[in-house]
Structure formats: C-alpha cells, structure tokens
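Structural characterization, general
One letter stands for each residue in the lines below.
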Amino acid sequence: MTGLGAVFRPQLPPERLRALARLADDTGLDELWLWEDCFLEGGISTAAAALAWTERVRVGVGLLPVPLRNVAITAMEAASLHRMFPGRAVVGVGHGVQDWMGQVGARAESPVTLLREYLAALRALLRGERVSTEGRYVRLDDVALDWPPFEPVEVLAGVTGPRSLRLSGEAADGTILTAATPPDGVRRARRLIDEGRASAGRNEPHRIVVYLLTATGPDASARLRAELAAEGLADVPELGVAGDAADVAKAVGRLVEAGAGTVVLQPTADEPDPEGFVRFAAERVRPLVP
C-alpha cells in the first residue's frame, strides 16, 4: 500500500506542532514529516515531541544535514527514538543546503564523500556494531551504542544530484526526493538509485519518499503558481497539484506509478489552514490512494 503523509512546515511556530501531530494521529494519516531547515526548528527535538504526543502515526525527519551533526550524536538520538517509539520514527540525512552550511562554518569540500562516510558509519552504529574508521570527514575510534535499536531500522538519504542518487542506492535504505521532482524526475532518480544498488550488490527493498507540493481550497491554483514561481519552478511540467481530493489522489498516483513508495503532501508556505490541510490529507485523499 502506498504511504501517504503530510509535512509540518517549520515556517509554522513550534508550539503549533502538538495540535497538528495529534490531529494526524487521530485522523489516521500514515506519516507526519518534519524538516530541520536552518534556522527554524530542530529535527530530533520536534520528532521526539511529536512521537510522545501521538500513539500510531509515523514521524519522519527529512532531513538532518550531516555537516551539522557528528555521526555518533545522530546515531544516539536516532537509536533513542527507535527504542522509545519502535517502528514509528523515520530518519533521513543529507548534504544540507550548502549556503546554510557555509553560514555556520560547516560546509564540506566534498559533500558526497562526507555523506558516503556518514551513511556507512550511521547504519553500522544503528545495527549495534562497534565502529572504528578514519575517513576524510568521519572519524570514530571504537564507538558502539549502548542502546541500539531493538530491530533493524531504515536510514534514508535526502539527495538530488546523479552522484548522490547513486550513492543513496549504494549506501542508504531509502531516498527522499524534494517537491521539485515531477514524475519523470522520480523515474530518473529510480534508475540512478538502482544503478547504485546494483553496483553494491544490494537487492533489498529501497523506499522512495517524494514530497508533493499541494494546494486545495478556493485559491489553490493561485497559491501553487505563486510558490512554484518563487522557487523558479513555474515551467516544470506535472509539478505540484492544486484541486480537490480526487485531483490530489491522481497526482499521487502519477508519482507512485513513476516509482514512489510514499508520497508526502507538502502545503504551500502560505497555507491558511494547516490543521485543515492535515485533515484533508487523511480523511479525503487517503481513502482514494490504494
């Protein structure tokens, strides 16, 4: 079954998360996704709070910028979430926005090398392994988690470029694609991910999560056009959707047909009713998505 989620955009103040998380839980939404965008809200702190306030909804962080975080800290925090809320936490990591990384003095000369080293160490630590490594960026000396997850957990990579997509296939358990990815972009990403998986001899499932910029309501088309124009994406075909539940479900279906396993509805930054958006996703779109 296709996973369906919604984004709590960090442009909303953090004190609004509790109501939206509880609403997502109560209405049967599959997943609630959070962002660690600079310099808005912390990914792990908001995920922990959302998980504590809810009972069943999965909570994803897409994504944690790896230049900001020592891999041992990320492993400790992710393991704690998985121990406290088994099966409900989803953690994605990625390069981060390079301008933001530069602002905090954390920009890596080779983001792909950093992510490769980071994914290898993070997945090993979360498997309960003792890790020693001397990479270009990741250096660990006899490090192991005292409280690793009870069960195997997926680590997703949020990536866009060809090299990084191949790397995700090689070294991650799934891939997060931005809302700037139309169905044809999902197909291209799937091919590159599969190339990486083949090169690493991997044949286990690899979940693709795609954000879908979504607007509904009387001014939906105008809000969608304005956001796409602001992002320089106005001319990209089949990007985003404006309309009712049937329109949104059809757009979700196109992404699934292209290779997505989970589609996360991303409201526009000026969404006037975030609670209504979550209810719309869960109660009106979810029943139309197989």
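Model, not experiment: these values are computed from the prediction. (Residues numbered from 1 in each chain as written. Predicted model: local features only at pLDDT ≥ 70, side-chain atom pairs only at ≥ 80, totals over all residues. Heavy atoms only, no water.)

Let's talk about empty space enclosed by the protein
Under the counting rule described, the total for this entry stands at 1 cavity of 30 Å³ or more. Taken as a whole, the largest cavity spans an internal volume of roughly 30 Å³. Lining the largest cavity are Val7, Leu12, Leu20, Pro267, Pro274, Phe277 and Val278. For the lining of the largest cavity, the element with the highest residue contribution is helix α10 (residues 274-285), accounting for 3 residues. (1 Å grid on protein atoms, 1.4 Å probe; cavity = no way out; pocket = protein on both sides within 12 Å on 5 of 7 lines; lining within 4 Å. Points joined across faces, edges and corners; volume = space filled by probe spheres on them. Helix = DSSP H or I, 4+ residues; strand = E, 2+ residues; numbered from the N terminus.)

Brief notes about the pairing of strand β4 (residues 89-94)
Burial within β4 is extensive, with 6 of its 6 residues counted as buried. The alternating pattern of β4 places Ala89, Val91 and Val93 on one face and Val90, Gly92 and Gly94 on the opposite face, and all of these are buried. Bridge count for strand β3 (residues 58-65) against β4 is 5 bridges, and the pairing is parallel. Within the sheet, the bridge partner assigned to Gly60 lies in β4 and is Val90. (Buried < 20%, exposed > 50% of the residue type's maximum accessible area, 1.4 Å probe, protein only. Pairing = 2+ DSSP bridges.)

Here's the deal with unusual backbone geometry
Most peptide bonds are trans, and most residues other than glycine sit at a negative phi. With an omega of 0 degrees, the peptide bond between Cys38 and Phe39 qualifies as cis. Tracing the chain through its elements places Phe39 in the loop between β2 (31-34) and α2 (43-53). Backbone geometry places Glu238, a non-glycine residue, at a positive phi of 60 degrees. The topology assignment puts Glu238 in the loop between α8 (220-230) and β10 (241-242).

What to know about the packing of helix α7 (residues 183-199) against helix α9 (residues 245-258)
Relative to each other, α7 and α9 sit at 20 degrees, their axes nearing to 8 Å. In terms of orientation, α7 lies roughly parallel with respect to α9. The two elements α7 and α9 meet at a crossing, and its hand is right-handed. Every residue of α9 that contacts α7 at Pro183, Val186 and Arg187 is listed here: Arg254, Leu255 and Ala258. When its residues are assigned to classes, the contact of α7 with α9 shows 4 nonpolar, no polar and 2 charged. (Axes fitted to C-alpha atoms, helices over the stretch in contact; angles between N-to-C directions. Parallel < 35°, antiparallel > 145°, perpendicular 65-115°, else oblique. Left-handed = near helix turned anticlockwise from the far one by under 90°. Contact = heavy atoms within 4.5 Å. Nonpolar A, V, L, I, M, F, W, Y, C, P; charged D, E, K, R; others polar.)

Regarding the packing of aromatic side chains
Summed over the entire model, instances satisfying the criterion amount to 2 aromatic pairs. Ring geometry for Trp33 against Tyr211: centres 6.3 Å apart, planes inclined by 85 degrees, an arrangement best described as edge-to-face. On the criterion of sequence distance, the pair formed by Trp33 in strand β2 and Tyr211 in strand β9 (residues 207-215) is long-range, its members being 178 residues apart. Trp33 sits in the buried class, given a relative accessible area of 0%. Overall, the relative accessible area of 5% leaves Tyr211 in the buried class. Centre to centre, the rings of Trp35 and Tyr211 are 5.8 Å apart; their planes meet at 70 degrees, and the pair counts as edge-to-face. Here Tyr211 lies in strand β9 and Trp35 lies in the loop between β2 and α2, a separation of 176 residues in the sequence. In terms of burial, Trp35 and Tyr211 fall into one category: buried. Ring pairs connect the aromatic residues Trp33, Trp35 and Tyr211, which therefore count as one cluster. When the ring centre of Phe150 is taken as origin, the NZ or CZ atom of Arg83, which lies over that ring, is 3.9 Å away. (Phe/Tyr/Trp six-rings, centres within 6.5 Å; stacked < 30°, edge-to-face > 60°. Lys NZ or Arg CZ within 6 Å of the ring centre and 35° of its normal.)

What about the packing of helix α6 (residues 162-171) against α7?
Interaxial distance between α6 and α7 falls to 6 Å at its minimum, and their mutual angle equals 50 degrees. By the angle class used here, α6 and α7 are oblique. Here the hand of the crossing between α6 and α7 comes out right-handed. Touching Pro162, Leu165, Arg166, Gly169 and Glu170 of α6 are Ala189, Leu192, Ile193, Glu195, Gly196, Arg197 and Ser199, all from α7. For the contact of α6 with α7, the residue count by class is 5 nonpolar, 3 polar and 4 charged.

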